[in-house]
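Working through the structure, step by step
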Amino acid sequence: RMNTTGTDFASRWELFRERVRGFMGTPTFDYFVAFIVSLNAAVVGLSVNTSMKDDSSEDQIFHNLEVFFLVVFCVEALFRMIGFGQDFFVGPRFSWNIFDLACISFEICEELIMYIERNGAYSNLNATYLRSMHILRAVRVIRNIRILRLVGEFRTLLVSLRASLRILIW
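In this text the structure is predicted, and so the values were computed from the model without any measurement.

1. Let's talk about the overall build of the protein chain
- Helices and strands together make up the secondary structure of the protein chain, namely nine helices and zero strands.
- Going from the N terminus to the C terminus, the protein chain shows its helices and strands as α-α-α-α-α-α-α-α-α.
- Of all 170 residues assigned to the protein chain, the portion counted as buried reaches 29%.
- Counted over contacts in the protein chain with a minimum sequence separation of 6, partners at least 24 positions apart contribute 71%.
- Counting only carbon and sulfur atoms, one obtains 68% of the accessible surface of the protein chain, whose full area is about 11700 Å².

The following block contains the structure:
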């Protein structure tokens with residue numbers, strides 16, 4: 001009886017993985033992720049612009065949006081891990097997957113650092129060190145490179161622009 005339950009679970013798991021993989025293979029999924037990445041880039045830009053004006057009243061709104069995007073990117077990475085299985089780490093897109101995981105990890109680290117700063121936990125930690133860790137914010141902008149993977153036409157456009165600039169500058 002135990003063997004049937006294990007087999008039943010394995011077949012349900014494979015069915016679930018196939019559904020996730022099928023969903024991820026649709027243009028709708030790619031366009032949704034591209035939209036979220038673009039929206040995140042816009043929010044990061046607005047956040048930086050607002051922080052330069054010292055308007056702290058909007059800081060909480062931007063922080064909540066950043067956490068929302070982090071959760072969405074975590075769920076997306078989880079879906080990709082479930083759908084691709086071990087190919088997530090060794091398949092043809094493994095470098096993008098590792099890049100995404102690194103970006104997500106840096107953001108989680110930044111959230112932990114911000115939590116420590118806000119709550120005064122570990123007050124004996126060097127405040128300068130904690131502030132220097134905000135360099136991780138640059139990763140948010142770099143993460144938007146992901147959009148190149150998601151929208152092939154956009155990548156073609158950027159490659160064409162880069163090639164045109166070489167000729168124009170020459």
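Having seen it, we continue.
2. Observations regarding the environment of M24
- Considering the arrangement of structural elements, one finds M24 in helix α1 (residues 2–24).
- Looking at M24, the relative accessible area reads 5%, which means it is buried.
- For M24 and F84, which are 60 residues apart along the polypeptide, the C-alpha to C-alpha distance reads 9.7 Å.
- Residues within four places of M24 in sequence aside, it is in contact with F29, D30, F79, R80, G83 and F84.

3. Structural notes on the packing of helix α3 (residues 59–84) against helix α5 (residues 94–119)
- At their nearest, the axes of α3 and α5 sit 10 Å apart, and the two run at 145 degrees to each other. Crossing of α3 over α5 shows left-handed handedness. Residues H63, V67, L70, F73, C74, A77, R80 and M81 of α3 form the contact with α5, whose participating residues are N97, L101, I104, E107, I108, E111, M114 and R118.
- Partitioning the contact of α3 with α5 into residue classes produces ten nonpolar, two polar and four charged.

4. Some points on the pattern of salt bridges
- One pass over the structure, following the stated rule, counts four salt bridges.
- Two residues, R17 and E14, come together in a salt bridge whose shortest N-O distance is 3.3 Å. Pair noted here: R17 and E14 are both in helix α1, with a separation of three residues, about one helical turn.
- A relative accessible area of 37% means that E14 is categorised as partly exposed.
- Residues R21 and E18 are paired through a salt bridge, measuring 2.4 Å at the closest nitrogen-oxygen approach. With a gap of three residues between them, R21 and E18 both fall in helix α1, about one helical turn apart.
- Residue class for R21 comes out partly exposed when judged on its relative accessible area of 28%.

5. Section: α5
- Its 26 residues give α5 an end-to-end C-alpha distance of 37 Å, which sits within 8% of 38 Å, the value for a rise of 1.5 Å per residue.
- All of the buried residues along α5 are N97, D100, C103, I104, E107, E110, E111, I113, M114 and I116.

6. Details of the nonpolar core
- Formed by 15 residues in total, the largest nonpolar core has its most connected members in I36, F69, F73 and I104.
- Put simply, the parts of the chain that give this core at least two residues each are α1, α2 (27–52) and α3.
- With seven residues, the single largest contributor to this core is α3.
- The residues contacting I36, other than those within four sequence positions of it, are F69, V72 and F73.

Reading the values: rules and limits
- Residues numbered from 1 in each chain as written.
- Predicted model: local features only at pLDDT ≥ 70, side-chain atom pairs only at ≥ 80, totals over all residues.
- Heavy atoms only, no water.
- Helix = DSSP H or I, 4+ residues; strand = E, 2+ residues; numbered from the N terminus.
- Buried < 20%, exposed > 50% of the residue type's maximum accessible area, 1.4 Å probe, protein only.
- Contact = heavy atoms within 4.5 Å.
- Areas by Shrake-Rupley, 256 points an atom, 1.4 Å probe, with all protein chains shown as cover.
- Axes fitted to C-alpha atoms, helices over the stretch in contact; angles between N-to-C directions.
- Left-handed = near helix turned anticlockwise from the far one by under 90°.
- Nonpolar A, V, L, I, M, F, W, Y, C, P; charged D, E, K, R; others polar.
- Salt bridge = Lys/Arg side-chain N within 4 Å of Asp/Glu carboxyl O.
- Expected span 1.5 Å × (residues − 1).
- Core = buried A, V, L, I, M, F, W, Y, C linked by side-chain atoms within 4.5 Å.

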